[in-house]
Amino acid sequence: MYKKIFVKFFILFSFIYLNTNYAQIFTRVTDNNNPIVSNPAPAGYVGISWVDYNNDNNLDLFINNNVLFQNSGGGIFTKITTAIGTGQILGTFNAGNSWADYDNDGDLDVYLSGVTSFLYRNDGGDSFTKITTGEIGNGANTPGWACTWGDYNNDSFVDLVITNPAGFVTNNPGPNHLFQNNGDGTLTKIISGDVVTGLAPYTVPTWSDYDGDGDLDLSIGSGPANGTTAADFFYKNNFTETGTATLTRITTGGPATDKRDGQVWNWIDYDNDGDLDVYITNWGGTIGGIVNDFYRNDNGNFTKITTGNIVTDNGISLPSVWADFDNDGYIDCYVGNEGGWPGRLYKNNTDGTFTTITGSAVNSTTAKRSASAGDYDNDGRVDLITMGNTLINLYHNETANNYNWVSFKLEGTTSNKAAIGAKIRIKATVLGKTFWQMREISAQNSFNSQSDLRAHFGLSEASTIDSVKVEWLSGHVDVAVNININQFYNFKEGEGISTPTGIEDDKNVIPSEFKLEQNYPNPFNPSTNISFTIPNVVDAYNASTTIVIKIFDVIGNEIATLVNEQKSPGIYKINFDAENLSSGVYYYQLIAGSFIQTKKMILLR
């Protein structure tokens, strides 16, 4: 009797414990041999961005104004020296960056905003040239807080907006700056229009086609940061309607008129209904914090969300980063705070609500003034990096639910080369429902920062992708069907999906150590998935490693051998079917030479 009660209690406890482990799990990287971890954080409110500047399909890391870490694969970084930031004056508070291929030559260039602001052209081979000619080269005449690229006139070349907050950058306040790309390596400054008229405490600009009419609109946070609140700046692009790219300030609707201490507008489809919703962070540092704003797009009408921690948690918020951190098919949200407030990770519950993840490494109270998301080790899980005035925090995503995923790097041909502003949608059956997910490619979607330009989608247990559709700013639409999961792909305008980008499948993602993941689901009935990784421990002749995976019952009897063969380095997933077994505790074991690891699982009928 006591044994039966104990077993039931043990199974229940294990169920609760293991389900806790299904949450998004981040581990802070603390190895001082990693130059990112050992690099001091710069002072001020500076940007940090994951970008693949050298086109090797590994995310590199840039920190304003001149720190570049090159990723050689598997998350191995080297700090390199370039001409970026040379002779540039940043000022006390600010330094934003935005990356895009402004000259459509196939590599990403970068613009840095500060007391002086400059464009750096990527010439390949770790070489960048500071542009000092033409209107865009007069850095002293373009002071700014933040910047972003976007092709707002749909001419195939990205244009540039630079915010200039009165009283925050220089002692001579001025309006924002808007540059139109001429397509020949030069840019012309636009001197009339709503965007470049008037003084305000402008913060971060974001291009997004919020109304789905095929041209990029503009939103700019404008938090006073002095204990008062004010409306932000929201502009509609009239290009589709009139043929002329003019930006007119919107003066109706909650996002445009509600008063706030606005910082970053992040346009995302959090409810997978096909249109873009918006989340806006608020600072409120001089009044001890303030809540953030969230608006759901209901067929062009915005409804303010007023319930749930994601809009009721007080904080001194700057960056928000949206990504499907647990690969369940619904994007989650990370909000960085300063002033002693914790960083907050909100899991999307798939029903329009969010749950606050607590007890995570990302919840620390160190200042997090900027943040960026990207899968830096190409393992199919989106990682996170944050930065404050004292620390750079690199968080590796170790969520172990074995959910599937897919990632796309878009390349424009008629549209701008980096595909800024393109929308990509995928259709799959996720958690028993068939629906479309959508991402919009953005060159500024955090505080003075941007996340990985690749579009990452979680797929839960979906075994295939029914359809992929890309809507390019040129107006062209590409469609592909029956796409494999757990892959990195290129998607080129007019040509469709090509061979995966050198990360062809999981076995080409080379881990650094043996690892046996927790099975999922767990408890299970009747089958479950077991994932394991094999590091690059092959000999000079590239001989594979012999891998054995066995199943045992609770008293040590061998039940089954799932794997007993040579395997190349990589990430693998196998299915265990316990149809003929009774409920209870079982163990699975990975043996590879001298490495042995065992984990527990529960069959619960």
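For clarity, every value in this text was computed on a predicted model and none was experimentally measured.

Visitor: What's the story with the pairing of strand E32 (residues 404–411) in this structure? I'm lost.
Guide: Successive side chains on a regular strand alternate, one facing one side of the sheet and the next facing the other. Taken across its eight residues, E32 has six buried, putting it largely inside the fold. Looking at chain direction, E32 and strand E35 (residues 455–460) are connected through five bridges and run antiparallel. Across the sheet, residue Ser-407 finds its bridge partner in E35, namely His-456. As paired elements, E32 and strand E38 (residues 488–492) share five bridges and run parallel to each other. Directly across from Glu-411, in E38, lies its bridge partner Lys-492.

Visitor: Before we go on, may I ask you to explain the domain arrangement of the protein in this structure?
Guide: For interface size, the figure often reported is the accessible area lost on association. Domains assigned within the protein are domain 1 (24–399), domain 2 (405–502) and domain 3 (515–603). When each unit is reduced to the centre of its C-alpha atoms, the spacing between domain 1 and domain 3 is 42 Å.

Visitor: Any chance you could explain the pattern of salt bridges here in plain terms?
Guide: Charged atoms that come close allow side chains of opposite charge to pair. According to the stated counting rule, one finds 24 salt bridges in the structure shown. Residue Lys-304 pairs with Asp-293 through a salt bridge whose shortest N-O separation is 3.6 Å. Taken together, the residues span a long stretch of sequence, with Lys-304 in strand E24 (residues 301–304) and Asp-293 in strand E23 (residues 293–298) at a distance of eleven residues. For Lys-304, a relative accessible area of 39% gives the class partly exposed. A salt bridge links Lys-550 to Glu-558; the nearest nitrogen and oxygen atoms lie 3.5 Å apart.

Visitor: Looking at this structure, how should I read the side chain of Asp-478?
Guide: Tracing the sequence through the fold places Asp-478 in strand E37 (residues 477–483). Buried charged residue Asp-478 carries no salt bridge. Nearest counter-charge: Lys-492, at 11 Å. At a separation of 2.8 Å, a polar atom in the side chain of Asp-478 contacts the side chain of His-476. Setting aside its immediate chain neighbours within four residues, Asp-478 contacts Val-468, Lys-469, Val-470, Trp-472, Phe-491, Lys-492, Glu-493, Gly-494 and Glu-495.

Visitor: What exactly am I supposed to notice about the side chain of Asp-151 here?
Guide: Among the secondary structure elements, Asp-151 is positioned in the loop between strand E11 (147–150) and strand E12 (159–162). Lys-417 provides the closest opposite charge to the buried, salt-bridge-free Asp-151, at an N-O distance of 14 Å. Of the polar contacts made by the side chain of Asp-151, one reaches the backbone nitrogen of Asn-154; its length is 3.0 Å. Excluding residues that lie within four positions of it along the chain, Asp-151 makes contacts with Ser-156, Phe-157, Val-158, Asp-159, Leu-216, Asn-416 and Leu-473.

Visitor: Looking at this structure, how should I read empty space enclosed by the protein?
Guide: Where empty space is left can be seen by rolling a probe of water-molecule size over the atoms. Scanning the entire structure with this criterion turns up three cavities of 30 Å³ or more. Taken as a whole, the largest cavity spans an internal volume of roughly 490 Å³. Considering the residues around the largest cavity, the lining is formed by 31 residues, among which Trp-322, Arg-439, Glu-440, Asn-445 and Asp-452 are closest to the centre. Elements with a minimum of two residues in the lining of the largest cavity: strand E15 (205–208), strand E21 (262–268), strand E25 (317–323), strand E29 (370–374), strand E34 (433–440) and E35.

Visitor: Explanation requested: the layout of surface pockets in the structure shown.
Guide: By volume, the second largest pocket is sized at about 370 Å³. In terms of lining residues, the second largest pocket is bounded by 23 residues, among which Asn-55, Leu-108, Lys-409, Leu-410 and Ala-418 are the most central. Of all elements in the fold, only strand E3 (48–51) and E32 reach the threshold of two or more residues within the lining of the second largest pocket. A total of three residues in the lining of the second largest pocket trace back to one element, the largest contributor, which is E32. In terms of residue class, the lining of the second largest pocket is made up of nine nonpolar, six polar and eight charged.

Visitor: Help me understand the packing of aromatic side chains in this model?
Guide: Under the counting rule described, the total for this entry stands at 37 aromatic pairs. Considering the side-chain rings of Phe-294 and Phe-354, the 6.0 Å spacing of their centres and the 55° angle between planes classify their relative orientation as tilted. A residue pair is termed long-range when its members are at least 10 positions apart, and Phe-294 in strand E23 and Phe-354 in strand E28 (residues 354–357) qualify at 60 residues. Of the two residues, Phe-294 and Phe-354, neither departs from the other in class, the shared state being buried. Between Phe-514 and Phe-595, the aromatic rings sit 5.1 Å apart at their centres with planes inclined by 20°, giving stacked as the arrangement. Of the two residues, Phe-514 sits in the loop between strand E39 (496–497) and strand E40 (515–516) while Phe-595 sits in strand E46 (residues 595–603), which places them 81 residues apart along the sequence. Looking at Phe-595, the relative accessible area reads 24%, which means it is partly exposed. The ring of Phe-118 has Lys-130 sitting right over it, with the charged end atom 4.1 Å from the ring centre. Against the face of Tyr-45 rests Arg-369, its NZ or CZ located 3.9 Å from the ring centre.

How each quantity is defined
All residue numbers refer to positions counted from 1 along the written sequence of the respective chain. Thresholds applied to this predicted model are a pLDDT of at least 70 for local features of residues and 80 or more for the giving and counting of side-chain atom pairs; totals over whole chains, interfaces and linings are not thresholded and use all residues. Derived side-chain values reflect all non-hydrogen atoms in the structure, with water molecules and hydrogen atoms excluded from consideration. Relative accessibility decides the category of a residue: with a 1.4 Å probe and only protein chains considered, values under 20% of the type maximum give buried, values over 50% give exposed, and everything between is partly exposed. Put simply, DSSP marks the helices as runs of H or I at least four residues long and the strands as runs of E at least two long, and each gets a number from the N terminus on. If DSSP finds at least two bridges between two strands, the strands pair. Segment limits for the domains were obtained from an automatic or database-derived domain assignment. By salt bridge we mean one thing: a side-chain nitrogen of Lys or Arg within 4 Å of a carboxyl oxygen of Asp or Glu. When charges are tallied, Lys and Arg are placed among the positive residues and Asp and Glu among the negative ones, while His and the ends of the chain are skipped. Any pair of N or O atoms that falls within 3.5 Å is considered a polar contact. Within protein, one atom must be able to donate a hydrogen and the other to accept it, and sequence-neighbouring residues count only if both atoms are side-chain atoms. The contact definition used throughout considers only heavy atoms, calling two residues in contact when any of these lie within 4.5 Å. Using a 1 Å grid laid over the protein atoms alone, points where a 1.4 Å probe fits but cannot get out form a cavity; open sets with protein on both sides within 12 Å along at least 5 of 7 lines form a pocket; any residue with an atom within 4 Å of a point counts as lining. Grid points are joined across faces, edges and corners, and a volume is the space filled by probe spheres set on the points. Following the grouping adopted for this structure description, the nonpolar residues are Ala, Val, Leu, Ile, Met, Phe, Trp, Tyr, Cys and Pro, the charged ones are Asp, Glu, Lys and Arg, and the polar ones are all others, Gly among them. Pairing of aromatic side chains here covers Phe, Tyr and the six-membered ring of Trp, requires ring centres within 6.5 Å, and sorts the geometry by plane angle: under 30 degrees stacked, over 60 edge-to-face, intermediate tilted. When the NZ atom of lysine or the CZ atom of arginine is within 6 Å of a ring's centre and also within 35 degrees of its normal, the charge is said to sit over that ring.

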